[in-house]
Amino acid sequence: SSDALSGRSPQPLCEPMASLRQRFLDSPVRPLAGLLLLGGTACVVRSVVKRAARQKKTGKAVVLGLGYCGGAVARQLALGGLEVLGTTRGQPNAEDARAGVRTLVMDGSSETASAELLQAIREASVVVATAPPGEAGDPFLTDAALAEALAAAGSSGALLIYLSSVGVYGDQQGHHVTEATPPAPRTARAKRRLSAEEAWRALPAKRLAIVRLPGIYGAFRGPVAKASEGNARIVKEGHLFSRIHVDDIVLLCQVLVDPHGAPGLFDAGPAAVINCCDSDPAPQHEVSAFAYELLGRPVPPAIPFDSAELSAIQKSFYEESRHMVNSKLIEIVGELNYPSYHTGLPASLEEERRLSRPGVLQRLLAPAAFLASAGGRIISACAGEKPVRIALVDNGSLKAEATLSLRRLAADLEASLRSQGRNFRVEAVSARFADRIPAREVGGVPAEILPGWLKRVSAERRRRGSRVLMLPLLIGPSNTLTKTMPDAALASPDLDVEICPTLVCLCPVLYGAGKTGAEVVADMLADGLAALGALAVTNGAAGGAGHGDEGSDCVMLCDHGSPVARVARAREAVRKALEHKLGQPVAGICMERREGPEFDFNGPLLEDALLALPTGARVRVALLFLQEGRHAGPGGDIVQIIQGVLEKRPDLSVQTTKVLAG
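Residues numbered from 1 in each chain as written. Predicted model: local features only at pLDDT ≥ 70, side-chain atom pairs only at ≥ 80, totals over all residues. Heavy atoms only, no water.

Trainee: Just to check I follow, could you spell out the environment of Ala439 for this structure?
Mentor: Positionally, Ala439 belongs in the loop between β15 (424-430) and α17 (450-461). Residue Ala439 is classed as partly exposed on the basis of its relative accessible area, which comes to 26%. Considered as a pair, Ala439 and Ala400 are 39 residues apart in the sequence and their alpha carbons are 9.1 Å apart. What Ala439 contacts, discounting residues up to four positions off in sequence, is Gly444, Val445 and Pro446. (Helix = DSSP H or I, 4+ residues; strand = E, 2+ residues; numbered from the N terminus. Buried < 20%, exposed > 50% of the residue type's maximum accessible area, 1.4 Å probe, protein only. Contact = heavy atoms within 4.5 Å.)

Trainee: Can you help me understand helix α4 (residues 68-79) in this one?
Mentor: An α-helix turns once every 3.6 residues. As a result, residues three or four positions apart point the same way. The end-to-end C-alpha distance of α4, which contains twelve residues, comes to 17 Å, matching closely the 16 Å that a straight helix rising 1.5 Å per residue would cover. Among the twelve residues that make up α4, ten are buried, leaving the element largely enclosed by the rest of the structure. All of the buried residues along α4 are Tyr68, Cys69, Gly70, Gly71, Ala72, Val73, Ala74, Arg75, Leu77 and Ala78. A positive backbone phi angle near 110° is found at Gly81, which sits one or two residues after α4. (Expected span 1.5 Å × (residues − 1).)

Trainee: In this structure, what is going on with the nonpolar core? I would like to understand it.
Mentor: If you look at the biggest cluster of nonpolar residues, it comprises 41 residues, and the most contacted ones within it are Ile390, Leu392, Leu525, Val574, Leu578, Leu624 and Leu660. Contributions of two or more residues to this core are made by β14 (388-394), α16 (400-419), β15, β16 (467-472), α19 (518-538), β18 (554-559) and α20 (565-582). Apart from residues no more than four positions distant in its own chain, Leu624 is found in contact with Ile475, Val521, Leu525, Leu557, Cys558, Asp559, Arg571, Val574 and Leu660. One finds Val73, Val84, Leu251 and Ile332 within the second-largest nonpolar core, a separate group that totals 39 residues. (Core = buried A, V, L, I, M, F, W, Y, C linked by side-chain atoms within 4.5 Å.)

Trainee: Mind showing me how you'd approach the layout of surface pockets here?
Mentor: If a probe the size of a water molecule is rolled over the atoms, the empty space left behind becomes visible. By volume, the second largest pocket amounts to about 1100 Å³. Residue lining of the second largest pocket: 38 residues in total, with Asn395, Arg432, His560, Gly561 and His631 positioned closest to the centre. Where the lining of the second largest pocket is concerned, the elements lending two or more residues are α18 (479-490) and α20. Among the residues forming the lining of the second largest pocket, the class breakdown is 14 nonpolar, 14 polar and ten charged. (1 Å grid on protein atoms, 1.4 Å probe; cavity = no way out; pocket = protein on both sides within 12 Å on 5 of 7 lines; lining within 4 Å. Points joined across faces, edges and corners; volume = space filled by probe spheres on them. Nonpolar A, V, L, I, M, F, W, Y, C, P; charged D, E, K, R; others polar.)

Trainee: Help me understand the packing of α4 against helix α10 (residues 246-257) in this model?
Mentor: To describe two helices that pack against each other, one gives the angle between their axes and the distance between the axes. One way to put it is that α4 packs onto α10 with a least axis distance of 9 Å and a crossing angle of 45°. Comparing the axis directions of α4 and α10 gives the class oblique. Where α4 crosses over α10, the handedness of that crossing is right-handed. Counted together, Tyr68, Cys69, Ala72, Val73, Gln76 and Leu77 of α4 and Val246, Ile249, Val250, Cys253, Gln254 and Val257 of α10 form the full contact between these two elements. (Axes fitted to C-alpha atoms, helices over the stretch in contact; angles between N-to-C directions. Parallel < 35°, antiparallel > 145°, perpendicular 65-115°, else oblique. Left-handed = near helix turned anticlockwise from the far one by under 90°.)

Trainee: Which parts of the structure should I look at to understand the pattern of salt bridges?
Mentor: When the charged atoms of two side chains lie near each other, side chains of opposite charge can form a pair. Per the counting criterion, the structure on display carries 24 salt bridges. Between Arg102 and Glu116 there is a salt bridge; the shortest N-O distance is 2.7 Å. Placement of Arg102 in strand β3 (residues 102-105) and of Glu116 in helix α6 (residues 115-123) is noted, with a sequence separation of 14 residues between them. Its salt-bridge partner being Glu460, residue Arg456 comes within 3.1 Å of it at the nearest N-O pair. One end of the pair, Arg456, and the other, Glu460, are both in helix α17, four residues apart, so they sit about a helical turn from each other. The exposure class assigned to Arg456 is partly exposed, which follows from its relative accessible area of 25%. It is possible to trace a salt-bridge network through shared partners that takes in Arg389, Arg425, Glu427, Glu448, Arg456 and Glu460. (Salt bridge = Lys/Arg side-chain N within 4 Å of Asp/Glu carboxyl O.)

Trainee: Which parts of the structure should I look at to understand the sheet that holds β15?
Mentor: Across a sheet, paired strands are connected by hydrogen bonds in the backbone, their directions being either parallel or antiparallel. Pairing is parallel across the open sheet formed by four strands, whose spatial order is β15-β14-β16-β17. Looking at strand neighbours, the two that pair on one side only are β15 and β17 (497-499), the edges of this open sheet. Taken pair by pair, the neighbouring strands of this sheet meet at an average axis angle of 25°, ignoring direction. Two strands pair when backbone bridges link them, and β14 and β16 are joined in this way by six bridges, in the parallel orientation. Pairing of Ile390 across the sheet is with Leu469, part of β16. Along the sheet, α16 makes contact with β14, β15 and β16, crossing β15 at roughly 165°. (Pairing = 2+ DSSP bridges.)

Trainee: Please clarify how unusual backbone geometry should be interpreted in this entry.
Mentor: Excluding glycine, a negative phi dihedral is what most residues carry, and trans is how most peptide bonds are arranged. Positive phi is not limited to glycine here, since Gln173 has a value of about 55°. Relative accessible area serves as the criterion here: at 62%, Gln173 is assigned to the exposed category. Even without being glycine, Phe220 reaches a positive phi, approximately 70°. Within the secondary structure, Phe220 is located in the loop between β8 (215-217) and α9 (223-228).

Trainee: Explain the side chain of His285 here, please?
Mentor: Note on placement: His285 falls in helix α11 (residues 284-294). Under the relative-accessibility criterion, His285 is labelled buried at 17%.

Trainee: Can you help me understand the sheet that holds strand β2 (residues 82-88) in this one?
Mentor: Strand order in the open sheet formed by seven strands is β3-β2-β1-β4-β5-β7-β11, and the pairing between neighbours is parallel. The outermost strands of the open sheet, each flanked by one partner alone, are β3 and β11 (271-275). The average angle at which neighbouring strand axes cross in this sheet is 20°, direction not considered.

Trainee: Explain the side chain of Thr403 to me, please; I cannot follow it from the model alone.
Mentor: Counting through the fold element by element, Thr403 comes out in helix α16. Among the residues examined, Thr403 registers a relative accessible area of 6% and is labelled buried. In contact with Thr403, other than residues within four places in its own chain, are Ala434, Ile437, Val442 and Ala447.

Right under this line is the structure:
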C-alpha cells in the first residue's frame, strides 16, 4: 500500500485477508462468483443444476462418446431427469459431472466393454452413439458384447440415436437434398459412415433415429473459433456449406426422447433418417467474414479455392456441394434455436466470453470481497463511506483487442460485485503502451495507463473523494507489480492506494497450500485443453459428431518468459497443478527469454522444444497468457513461431489453447 511505501505505519492486511478469503472460498456462494454476462441468470442455471441432481430420475440413458456434441446431449438429458452414463477415452469432464452425468473411461487399447457399461445399455431407455467409424467399422458394433447389448436394448423398445453425417450424400452439385435423396458417398470417410448406418439398421431395434449432421459449431468450435485463430477465407464459386449449432442437435435429441415429442416418426418402419441442419446454407467465405466482423477484426481477403493450400480432407469438403433441406427437422422440433449462422455465431461468441472468464473473476473477487468487509481498510459505499475505485491493471499492449478484452472483464467484475451489494467502480487500466492506441479502435474512448488514470482519479477526488485498489491482471509477481504499480502509487501521494496480489500468489502469509491460485489457473487451462481435444477430431470430419481419439502425445505449458525468477516460480506452480489434474507430464516452456544460464529458470524456448519433438509427434500447448495482444492471438508471436516450426517440421501437429481471459 501507499502507507507502507511512504513510511507511514501500514494497516494490518495479511491475516484478515487470509482468514476472510478462506471463508469466501469455503462459502456455498463461491461457485456463483463468476456471474458474468448472464447476471442473475447464472444463479438460476446453477439452481437448476442442483435441483436436477436431487430430483428423482425417470429413466436411464447411455451416451457412447462424450465429445463436444455427445457431452452437450448427455448434460441436457441428465438435467431433464434421466440417469445418464457416458463413455470417453479421455479425462472425465467436470462440466458433465456437475450436470449429473456419470463418466466411464474406456481403455483405448481395447474395445472390450465393461460389465457396468453392458448392464447400463441393457437397462437404458435411450442410447445415443456419437463416435465416427474407423477402418474396422463402427467402434461400438464391432465389439461383440457391445453389439449384443445394443441389440437387446433396441429389441426391448429403447430409442437408439445414431449421429451420422450428411457426407453420405456425396456431391449433389448444389441441388436440394432431403431424407429421400439416395446416399452417394464419394470419400472413404463418408463410405464408412454409410456402412456404419447400415450396421445400426441391422440391429433388431424398434426405434432407430439416424441423425445426419453437417458441420457442427458452437462455443469454441466452428467459424468464430477459426477466425480467432486467423484462418484463411477460401472462396469457391457456387459452393454451399450447411451447418448446425450444437444446441439444436441437443434440441432434436430432447424431442426424440420425449414419448410425445415426434408422433408418427416410426410409422413407416423402425428406422428414421433426419437431416439436422439449419435453414441457411451459405458459402463458407461469407460465414467466415461474418465471424471476423463479430470479433471486430479486419476481414482477410478471400483466397480462390484453386490457389489455396489445403489438406486432402479440406479439399474434399470443397469438392462436394449440397443444399440441405430441413423441413422434416422443423416438423419435428417446431423451431430451431439458431435457424441461421447470423444468430448462432453471435450466441457462440457470447457463450465463449461467458465461459472464458469465470476462473479469472473467481480469483479477482476474493481481495475485492475482503476490501468490502467492515474489517478492510476500504469500506463499501453502500455502508455510507466513500466509493471505492478499482483499477483492473494489465501489462498493457498496443493491440486494441487487449484493451477491449480488459474492459469486458472489468465490466463483468463490477457487475458481480454490485450483485453482492458492493458499490465498487471497476475500470480498465494498463501499466503501459495502451494510451498509444487510436481511440477509434477502442470504441472512441481512449485507453488509459496508470499515471494518467491516477491523475484523473486524484482530480476527481477533490470533488467526491475516493480510495483506490489496484487489482493486477497478472499471472505472477512481475516488475509491473513490484515496480510499475508502486511507483505510480508513490507519484499520487494524496491517494490511499492498495495493491492486491497477482492471480498466482505463492506468499504463505496470504495464501495457504492449495489456495495459491495455481489450481484455479490449472483448471482453466485443462478446460482449454479439453476443448482442443474435441477440435482435433472434429475439424477433420465433414459434420461428424464423435469424440474419437481425445488424447495427444504431449502437453506443454508456455508463458512469455521473464527475467524475474519469481514469475517463473508462479508458472512452475501452475505446471505442477496442471500435471496433477491431467495425470500426465507437462513441460514448462517460454516464448522468449534472455540468453545466459542465469535465466535458465525459464526453461526451453517454444521453438526449440517443438523442433526437438520426435517425428510425427502431436502436442497441445497450454498458453499461460491472459489476453490477446502482440504475443498471443491471431498473427501474434506464438502463431508466427509455430508456423515457422511447421515449415521446418511438417510432420508435427501443434495446437494451442485460447488466452485465459479473452
